[in-house]
Each structure stands twice: as structure tokens, then as C-alpha cells.
Amino acid sequence: MKQAKHNPSDSSIFSQPPSPMIRRTCYLSARHLHHHHHHHHCSLLFSTTSPEPPKFHSLKSIKMEGANEITREAKENVNQTKRKIFVAGATGKTGKSIVEQLLAKGFEVKAAVRDLAKARATFSKHGPSLQMVVADVTEGSDKLVQAIGDDSEAVICATGFRPGLNPFAPWKVENLGTVNLVEACRKLGVQRFILISSILVNGAAMGQMLNPAYLYLNIFGLILVAKHKAENHIRKSGINYTIIRPAALKNEPPSGNLVMEPEDTLYDGTISRDLVAEVAVEALDLPEASYKVVEIVSRADAPKRTYEDLFGSIKQK
Ligand SMILES: NC(=O)c1ccc[n+]([C@@H]2O[C@H](COP(=O)([O-])OP(=O)(O)OC[C@H]3O[C@@H](n4cnc5c(N)ncnc54)[C@H](OP(=O)(O)O)[C@@H]3O)[C@@H](O)[C@H]2O)c1
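All figures in this text were calculated on a predicted structure; none of them were measured in a lab.

**A few points about the sheet that holds strand β2 (residues 108-113)**
Strands in a sheet are paired, the pairing made by backbone hydrogen bonds, and the direction either parallel or antiparallel. Taken together, eight strands build an open sheet; the order of strands is β3-β2-β1-β4-β5-β6-β10-β8 and the sheet is mixed. Taken across any chain shown, the strands that pair with only one partner, and hence form the sheet edges, are β3 (130-134) and β8 (257-262). Recorded for the sheet is a direction-independent mean angle of 20° between the axes of neighbouring strands. Across the sheet, helix α7 (residues 169-188) lies against β1 (84-88), β4 (154-157) and β5 (192-196), angled at about 175° from β4, the strand it touches most.

Printed below as a string of C-alpha cells:
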């Protein structure tokens, strides 16, 4: 198994010599990727011919136009309807990059934010494709059901607790908050969930208990344990997940090439937040990314590989 190379110039707390790690050997069977298209049902009633903002036809007038008319109109609307992705932690550093990359790829985004004023200042480009909803992931799944609504086809979670006075904040955000999001998806039938987690979440099983990063992050509110528990909840939920575990995050633009490894493999290294965001956005539509946990880092000496190849090389467990 490949091991991360130690770079002495890294100031990262993710650095510790390797120890033997425990590898799980149980493999679950492959499941299939299902996309959700329930939002197309409502778009049936939108007018496509008017240059003005979409208007609702009355049901009566559609009936009078006849079945062929409805079929043609529905088809046009399917082509026009952008797919909407719900992003939790959208005003965070990785979350913002995820939102920008989704918009650049032609998705609509429902950005879940805690503070609308901060959100307006965070995003430079405002347009109809970017919708903002106020949502705190710690306030239970029913509020999140409202926020996600029936028009989001996938959820990307890039939340991270904000250091403060509440000693339970890490547990509430990283574990309960993510569990709430998964439960909201279950209630709504949202079938795709992408989580930004972290390397070393299972550090104890990797023999990395004494890794300073593992110690530090756990003493600081059991962050890694909380994230790991949330991961396990997603894995049992039945929802098609991709859990992305990045190494230490950097704000600098991506350098080097992306390295993707199976769970419980990496214990150090760094990666740019923009590259983490790219991995999350690419994962959305790649069948190779379904039901997988991947660990990512960037390395100058790594070969450039396609996302199909990278995700394809990781086994489902
Ligand atoms: N730092 C590292 O080296 C490292 C390494 C591996 C993995 N990670 C993980 O990567 C993820 C992204 O990190 P980042 O540094 O880019 O994030 P960040 O800038 O710290 O942003 C965190 C986001 O979470 C939101 N948030 C916090 N509490 C919330 C709540 N109760 N309800 C809803 N949203 C809430 C924040 O909202 P506000 O903007 O309103 O505060 C913010 O948008 C985190 O999960 C982090 O743990 C970090």
C-alpha cells in the first residue's frame, strides 16, 4: 500500500510516521446510482414560449391544448430545467468553492447559510441560479427538510464547526448536524449525498492514535470521532454517498496532482480547498464515485489521472 510521503516543509499537523493499520475486508455489493427527477413534475406547468419570467398555465388550459402539447412542453422543460444542488456550509472556505464550481458547471445551487448578510458578501456572482436559504444543521431534520425542499436532487455537506464558547459545538455540527442532513434527505427521498470529512477520522483503527493531528483534533471536541460517527450513519442510510476525506486544507490554488486512496490510508499531506471542491463536484455524476469513501491529497510527483480512473480504482466496501 502506498504511504504518504512526509514533506519536512509542511507545517501541517497531519504528520507522523506510518504505523501498521487495520484493514477491513468485508465488501458490500455494488449498488446503482439513482438520480432524482421529481422536480421535473412541477415544471410541467411552466410556459416556455414567453420571453417574460415563467408563468403558470391553469390546469384547464393545458387540458384544452391536448396531450401532444403537454408532452412537447414537458420535454422542453426537462431540457431547460437546471439540476439543483443543496450545499450546506456554503459560506465556508471549501463550501464557497463548491458553490462557485457548481454554478460554473451549469447547476443551480441552493446555498444553506446561517447568516444571509454574510452569504451576500461571500458570493460575488448573484443570479437566478444561486438561491440562498437560512439553515442551521444543528436545529433538527424537519427544518432541513424545509430548507432542502422538493427541488434539490443532491446534498453536498461542507460544514465545519466554528470554534467558540460551546464545548459541544464540534459534536453538534460534525455529528448531529450531518446526521440531521442525512435524515432530511431520507424524508425527502434525496438520493445523493456528498460529505467533506477528513483523513484520520478512523485514526485509532489505523494505529494513528498518537498522531498529533488525531490527538489534537479529538482533544479539541472529539472532532474526528464525531465525523467518523456521521460517516457511519451515511453508510447505513441507503443513500448513494461519496465521503471525501481530504488531508490538511490549504487556501492556495491546487498544486501537484490529485492522489486518491481508499479509506484509512493517508495520515499526512495537504490539499487545496479548490481541489477538494472539484472532487466533490466531479463525484456528483460519476457512477464510479457511488457508495465510496475516498481519501485525497495532492502530490507534485503524482501522475495526472482522470476522475473516472481515480474513483474507479477505489473499491466499494
Ligand atoms: N482544516 C483542515 O485542515 C481540514 C482537514 C481535513 C478536513 N477538514 C474539514 O473540511 C471541511 C471544510 O473545512 P473549511 O475549513 O473549508 O470550512 P470552514 O471555512 O471552517 O467553513 C465551515 C462552514 O460550516 C458552517 N457551519 C458551522 N456551523 C454550522 C451550523 N451549525 N449549521 C450550518 N452551517 C454551519 C459555517 O457557516 P458560517 O459561515 O455561518 O460560520 C461555514 O460555512 C470541514 O468539515 C473540516 O472539518 C478540514
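**Description of the site of the ligand**
Around the ligand, 25 residues are found, and the nearest of them are Gly 89, Gly 92, Thr 94, Gly 160 and Ser 198. Of all the secondary-structure elements, those providing two or more residues to the shell around the ligand are α4 (93-104), α7 and β7 (248-250). At three residues, the largest contribution of residues to the shell around the ligand is made by α4. A per-class count over the shell around the ligand returns nine nonpolar, ten polar and six charged.

**Description of α4**
Its twelve residues place the ends of α4 17 Å apart at the C-alpha level, agreeing with the 16 Å of an ideal helix rising 1.5 Å per residue. Gly 106 sits one or two residues past α4 and shows a positive phi near 90°.

**Regarding the nonpolar core**
By size, the foremost hydrophobic cluster in this structure holds 77 residues, and its most contacted members are Val 87, Ala 88, Val 155, Ile 156, Ile 244, Ala 280 and Ile 296. Broken down by element, this core gets its largest block of residues, eight residues, from α7. Setting aside its immediate chain neighbours within four residues, Ile 156 contacts Ile 85, Val 87, Ile 98, Ile 194 and Ala 280.

**Some remarks on unusual backbone geometry**
Its identity is not glycine, yet Leu 200 carries a phi of approximately 70°, on the positive side. Along the polypeptide, Leu 200 turns up in the loop between β5 and α8 (212-219). For Asp 264, which is not glycine, the phi torsion reads 60° and is therefore positive. With respect to the helices, strands and loops of the structure, Asp 264 is situated in the loop between β8 and β9 (270-272).

**Some words on the pairing of β1**
Where burial is concerned, most of β1 is hidden: four out of the five residues are buried. Looking at chain direction, β1 and β2 are connected through five bridges and run parallel. Looking across to β2, one finds that Phe 86 is bridged to Lys 110. Crossover β1 to β2 through α4 is right-handed.

**Comments concerning the environment of Tyr 214**
Here Tyr 214 is to be found in helix α8. Overall, Tyr 214 belongs to the buried group, with 25 C-beta atoms counted inside 10 Å. With 53 residues separating them along the chain, Tyr 214 and Tyr 267 place their C-alpha atoms 9.2 Å apart. Setting aside anything within four residues of it in sequence, one finds Tyr 214 in contact with Leu 200, Gly 203, Gln 208, Met 209 and Leu 224.

**A word on the confidence of the model for the chain**
When pLDDT is averaged along the chain, the result is 81; 75% of the residues meet or exceed 70. In this model, residues 1-12 is a region of pLDDT below 50 whose contacts with residues beyond four sequence positions or in other chains number 16 contacts. Note that pLDDT drops below 50 for residues 15-79; the model gives that stretch 66 contacts with residues more than four away or on any other chain.

Reading the values: the criteria
Throughout this description, residue numbers start from 1 for each chain and increase along the sequence as written. Owing to the predicted nature of the model, reporting of local features is limited to residues with pLDDT of at least 70; listing and counting of side-chain atom pairs is limited to 80 or more, with chain, interface and lining totals taken over all residues. Any two strands with at least two DSSP bridges between them are considered paired. Each helix is a run of DSSP H or I of at least 4 residues and each strand a run of E of at least 2, with the numbering of both proceeding from the N terminus. Angles run from 0 to 180 degrees between N-to-C directions of axes, and those axes are lines fitted to C-alpha atoms, restricted for helices to the stretch in contact. Once C-beta atoms are placed from the backbone, any two residues with those atoms within 7 Å are in contact. For each residue, a C-beta atom is placed from the backbone, and the residue counts as near a molecule or strand when that atom lies within 6 Å of it. Polar here means any residue outside two lists: the nonpolar Ala, Val, Leu, Ile, Met, Phe, Trp, Tyr, Cys and Pro, and the charged Asp, Glu, Lys and Arg; Gly therefore counts as polar. Any helix carries an expected span of 1.5 Å times its number of residues minus one. Put simply, a nonpolar core is buried Ala, Val, Leu, Ile, Met, Phe, Trp, Tyr and Cys residues tied into one set by C-beta atoms within 7 Å. Residues are called buried when their C-beta atom has 20 or more other C-beta atoms within 10 Å, exposed when it has 12 or fewer, and partly exposed otherwise; all C-beta atoms are positioned from the backbone. Consider the strands pointing away from the viewer: the crossover is right-handed when the path from the first strand over the helix to the second runs clockwise. pLDDT expresses, on a scale from 0 to 100, how confident the predictor is about each individual residue.

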